[in-house]
Amino acid sequence: MTATLVYDGDCAFCTSSVRWVTRLGLNVDEVVPWQFSDLAALGLTQQQCEDKMQLVLPARTWAGHAAAGQLLLRSRWYWKPLGLLLLTPPFSWVARAVYRWVADNRDKMPGGTAACALPQDQRPATRPPQRRSAG
């Protein structure tokens with residue numbers, strides 16, 4: 001099954017978070033910054049990717065806290081219960097609010113930079129592609 005995790009590669013907090021998350025033994029084929037992905041081929045828009053991380057699966061795309069929950073469900077057995085909680089109300093409501101708060105304040109998070117708070121068109125020049133396979 002093909003799975004692609006798409007994140008904001010211009011955000012240092014997002015990049016370091018994704019690096020940490022990929023150590024969980026995820027069952028994803030590719031982890032890629034949205035700035036260097038073919039968004040149209042993935043069925044995504046720039047606005048969706050600026051707003052939340054995306055997990056693109058053949059049958060469905062998951063965003064934000066739901067993408068995190070699905071990632072945990074696809075990881076090692078001991079992370080699966082947490083993934084299920086993130087997707088089940090009322091825990092999912094809390095997870096959605098926490099994700100939104102973190103996303104809105106990612107420039108203030110450990111590893112975050114002022115650029116994380118800027119709209120894409122106001123950020124410093126984009127770095128070279130950082131594609132990697134997560135298999």
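For the structure itself, consult the block above.
Keep in mind the model is a prediction, meaning the values are calculated, not measured.

Caption draft 1: Representation of the pairing of strand β2 (residues 30-33). Note that strand β1 (residues 4-7) and β2 share four bridges and pair parallel. Paired with Tyr-7 across the two strands is Pro-33, which belongs to β2. Each parallel crossover has a hand, and the one from β1 via helix α1 (residues 12-22) to β2 is right-handed.

Caption draft 2: Region of interest: the pattern of salt bridges. This structure, assessed with the given rule, holds four salt bridges. For Arg-100, the salt bridge identified is with Asp-104, shortest N-O distance 3.2 Å. Here Asp-104 and Arg-100 lie together in helix α6 (residues 91-104), a separation of four residues that amounts to about one turn. Among the ionic pairs, Lys-108 bridges to Asp-107, the shortest N-O distance being 3.6 Å. Owing to a relative accessible area of 21%, Asp-107 belongs among the partly exposed residues under this scheme. Connected through shared salt-bridge partners, Asp-51, Arg-100 and Asp-104 make up one network.

Caption draft 3: Structural view of the packing of aromatic side chains. Tallied over the full model, the rule gives two aromatic pairs. Ring geometry for Trp-77 and Tyr-78: centres 5.4 Å apart, planes at 85°, overall edge-to-face. Overall, the relative accessible area of 43% leaves Tyr-78 in the partly exposed class. Between Tyr-78 and Trp-79, the ring centres sit 6.1 Å apart and the planes meet at 50°, which makes this aromatic pair tilted. Accessibility expressed as a relative area gives 25% for Trp-79, which makes it partly exposed. A network of ring pairs unites the aromatic residues Trp-77, Tyr-78 and Trp-79 as a single cluster. Directly above the aromatic system of Trp-62 lies the positively charged group of Arg-60, at a separation of 3.7 Å from the ring centroid.

Cut-offs and rules
- Each chain carries its own residue numbering, running from 1 in the written order of its sequence.
- For a predicted model such as this one, the threshold for reporting local features is a pLDDT of at least 70, and the threshold for listing and counting side-chain atom pairs is 80 or more; totals across whole chains, interfaces and linings nevertheless cover every residue.
- The side-chain figures draw on all heavy atoms in the structure; neither hydrogens nor water molecules are used.
- When DSSP finds two or more bridges between two strands, those strands count as paired.
- Helix and strand assignments come from DSSP, with helices taken as H or I runs of at least 4 residues and strands as E runs of at least 2, each series counted from the N terminus.
- Orient the strands so they point away from the viewer, and a crossover whose first-strand-to-second-strand path over the helix runs clockwise is right-handed.
- Whenever a carboxyl oxygen of Asp or Glu lies within 4 Å of a side-chain nitrogen of Lys or Arg, that contact is scored as a salt bridge.
- When accessible area is computed with a 1.4 Å probe and restricted to protein chains, residues below 20% of their type maximum are described as buried, those above 50% as exposed, and intermediate ones as partly exposed.
- Any two rings among Phe, Tyr and Trp, with Trp reduced to its six-membered ring, count as a pair given centres within 6.5 Å; such a pair is stacked if its planes are under 30 degrees apart, edge-to-face if over 60, and tilted if neither.
- By the criterion adopted, a ring carries a charge over it if an Arg CZ or a Lys NZ lies within 6 Å of its centre and within 35 degrees of its normal.

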